[in-house]
Amino acid sequence: PTTPALSSTPPCAELHLHIEGTLEPELIFELAGRNGITLPYASLDELRARYRFTDLQSFLDLYYANMDVLRTEADFADMTRAYLRRAAAAGVRHVEMMMDPQAHLVRGIPLETSVRGVCAALAASEEEFGISTALIAAFLRDRPAEEALDVLEDLLAMEAPIIGIGLDSAEVGNPPEAFIGLYRRAREAGLRTVAHAGEEGPSHYIEQALDLLLVDRIDHGIRCLDDPELVQRLVHEKIPLTICPLSNVRLQAVDSLAAHPLPQMLEHGLNISVNSDDPAYFGGYADDNFRAVQEAFGLDRAQLGLLAANSIEASFAPPGRRAELL
Ligand code: ES4
Ligand code: ZN
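Residues numbered from 1 in each chain as written. Chains lettered and ligands numbered in written order. Predicted model: local features only at pLDDT ≥ 70, side-chain atom pairs only at ≥ 80, totals over all residues.

*Asks:* Which residues make up the overall build of the protein chain, and what are the values?
*Replies:* Along its length, the protein chain carries 17 helices and eight strands. Overall, the protein chain is about 50 × 45 × 40 Å in size when its C-alpha atoms are taken along their principal axes. Partitioning the intrachain contacts of the protein chain with sequence separation of at least 6 by distance along the chain shows that 75% fall at a separation of at least 24. (Helix = DSSP H or I, 4+ residues; strand = E, 2+ residues; numbered from the N terminus. Contact = placed C-beta atoms within 7 Å.)

*Asks:* How would you explain the sheet that holds strand S7 (residues 240-243) if you had to name every residue and give the values?
*Replies:* In spatial order, the strands read S1-S2-S3-S4-S5-S6-S7-S8; together these eight strands make up an open sheet with parallel pairing. Looking at the sheet topology across the chains shown, the edges are occupied by strand S1 (12-18) and strand S8 (271-274). Averaged over all pairs of adjacent strands, the angle between their axes in this sheet comes to 25°, without regard to strand direction. In this sheet, strand S4 (residues 164-168) lies alongside strand S3 (residues 132-140) in parallel orientation, the contact comprising five bridges. By the bridge assignment, Ala 138 is partnered in S4 with Gly 166. Each of S1, strand S2 (92-99) and S8 is contacted by helix H15 (residues 286-297), which is oriented at about 115° to S8, the strand it contacts most. (Pairing = 2+ DSSP bridges. Axes fitted to C-alpha atoms, helices over the stretch in contact; angles between N-to-C directions.)

*Asks:* Which residues make up H15, and what values do they have?
*Replies:* Across its 12 residues, H15 extends 17 Å between first and last C-alpha, which sits within 8% of the 16 Å expected from 1.5 Å per residue. Turning to H15, its buried residues number three or more, namely Ala 286, Asp 287, Asn 289, Phe 290 and Val 293. One side of H15 carries all its buried residues, which in axial view fall inside an arc of 165°. Count one or two residues on from H15 and you reach Gly 298, which has phi positive near 55°. (Expected span 1.5 Å × (residues − 1). Buried ≥ 20, exposed ≤ 12 C-beta atoms within 10 Å, placed from the backbone. Arc of directions from axis to C-beta.)

*Asks:* Tell me what's going on with the UniProt feature "binding site: substrate" (unreviewed entry) in the protein chain, and back it up with residues and numbers.
*Replies:* The positions that UniProt labels "binding site: substrate" (unreviewed entry) are, in the present scheme, Asp 278. Following the sequence through the fold, Asp 278 ends up in the loop between S8 and helix H14 (279-282). With residues near it in sequence (within four places) discarded, Asp 278 still touches His 18, Gly 21, Tyr 63 and Ser 247. (UniProt positions renumbered as here; feature names shortened; annotations may be inferred.)

*Asks:* If you had to explain the environment of Gly 190 to someone new, which residues and values would you point to?
*Replies:* Tracing the chain through its elements places Gly 190 in the loop between helix H9 (180-188) and strand S5 (192-197). C-beta crowding within 10 Å serves as the criterion here: with 9 such atoms nearby, Gly 190 is assigned to the exposed category. Note: C-alpha distance between Gly 190 and Gly 164 (26 residues apart in sequence) is 8.3 Å.

*Asks:* Before we move on, can you summarise the packing of helix H8 (residues 145-157) against H9 with the specific residues and values?
*Replies:* Here H8 crosses H9 at 15°, and the two axes come no closer than 9 Å. Comparing their axes, H9 and H8 come out roughly parallel. Read as a crossing pair, H8 and H9 show a hand that is left-handed. Every residue of H9 that contacts H8 at Ala 145, Ala 148, Leu 149 and Leu 152 is listed here: Gly 181, Leu 182, Arg 185 and Ala 186. Looking at the contact of H8 with H9 residue by residue, the class counts come to six nonpolar, one polar and one charged. (Parallel < 35°, antiparallel > 145°, perpendicular 65-115°, else oblique. Left-handed = near helix turned anticlockwise from the far one by under 90°. Nonpolar A, V, L, I, M, F, W, Y, C, P; charged D, E, K, R; others polar.)

*Asks:* Any chance you could break down helix H4 (residues 73-89) for me, citing the residues and the numbers?
*Replies:* In this model H4 runs 25 Å from its N-terminal to its C-terminal C-alpha over 17 residues, within 8% of the 24 Å that 1.5 Å per residue would give. Those residues of H4 lying buried are Glu 73, Asp 75, Phe 76, Asp 78, Met 79, Thr 80, Tyr 83, Leu 84, Arg 86 and Ala 87. Along its buried surface, H4 packs onto S1, helix H1 (25-34), S2, helix H6 (111-123), helix H7 (125-129) and H15. Phi for Gly 91, located one or two positions after H4, is positive at around 90°.

*Asks:* I'd like a description of unusual backbone geometry, backed by residues and values.
*Replies:* The backbone of Glu 159 shows a phi angle near 50°, a positive value even though the residue is not glycine. Relative to the elements of secondary structure, Glu 159 occurs in the loop between H8 and S4. Classification of Glu 159 as exposed rests on a count of 7 C-beta atoms within 10 Å. Although it is not a glycine, Asp 277 adopts a positive phi angle of roughly 65°. Along the chain, the position of Asp 277 falls in the loop between S8 and H14.

*Asks:* For the UniProt feature "site: Important for catalytic activity" (unreviewed entry) in the protein chain, give the residues involved together with the corresponding values.
*Replies:* Within the UniProt annotation, "site: Important for catalytic activity" (unreviewed entry) is assigned to His 220. Note that His 220 resides in strand S6 (residues 217-220). Since 26 C-beta atoms lie within 10 Å of it, His 220 is described here as buried. When residues no more than four places from it in sequence are discounted, the contact partners of His 220 are His 196, Ala 197, Gly 198, Glu 199, Thr 242, Ile 243 and Cys 244.

This is the structure we're talking about:
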């Protein structure tokens, strides 16, 4: 289902997107069918009834379970192509997507299968959809850091076309400090770095991601508002924060959309962008997220323009491409 891009939404970059979080219920059933998998749900409606979350973990449980239908390179390519088609309709012109290679490795899917499948769709994206792309390998913080380092070495050895690494999955109790070695290795290899921090976890994790992992961007970071000194630092250092409004509502990181801190973040002068996170699970793609915040907060054209420009400037796209999109 495609909804037309908001005419008032300028061209933007999507910087916080988990490709496995774009797996729509219809595609889950289609892939299950072609792979001979019997799903634990009798119908689409029965699956859709499961999309009510109380916190991050309640979502992650379904997210990881649904991935079981991804078996072949073609499955990964089809999922990625479906996302790109929908993103183009949303007005997205550049996307930096995360994928979770470990989530596939632990269920027996070789690194080559998931990476090649996603990359096959990305390679055709500029021509097919007018969307430039970059791939970020995200590591699961609720699994051992040694495993993450092994997977990074394998990605480097196979010359996987990744531009950076990220850190995701269950945040609370899994602080950034365990991954210092992983991030050092990534930097040595010339990769860019991002990390989820301050989504459900404390503002202290945002500081750790900056000081210990030396990340270029923070994914989410909404909990920075608990610490006024940290807010001032983020403003001063112009650290990009990739905000995902509908995700925060659906995972109850905020009480309601009206209570979302995005307006305060703009007021403070934080470098924020609007992103969709796991659009198949949280009720919307980039345009849906823009529309939601526009309606909730009555943002004007200048504010929407700033959010879009921030996304392009905070991207890892080459300067020429950034200039083209601004
Ligand atoms: C995620 Cl919303 C979110 N937070 C942390 N890890 C994730 N993986 C996929 N979506
Ligand atoms: Zn995320």
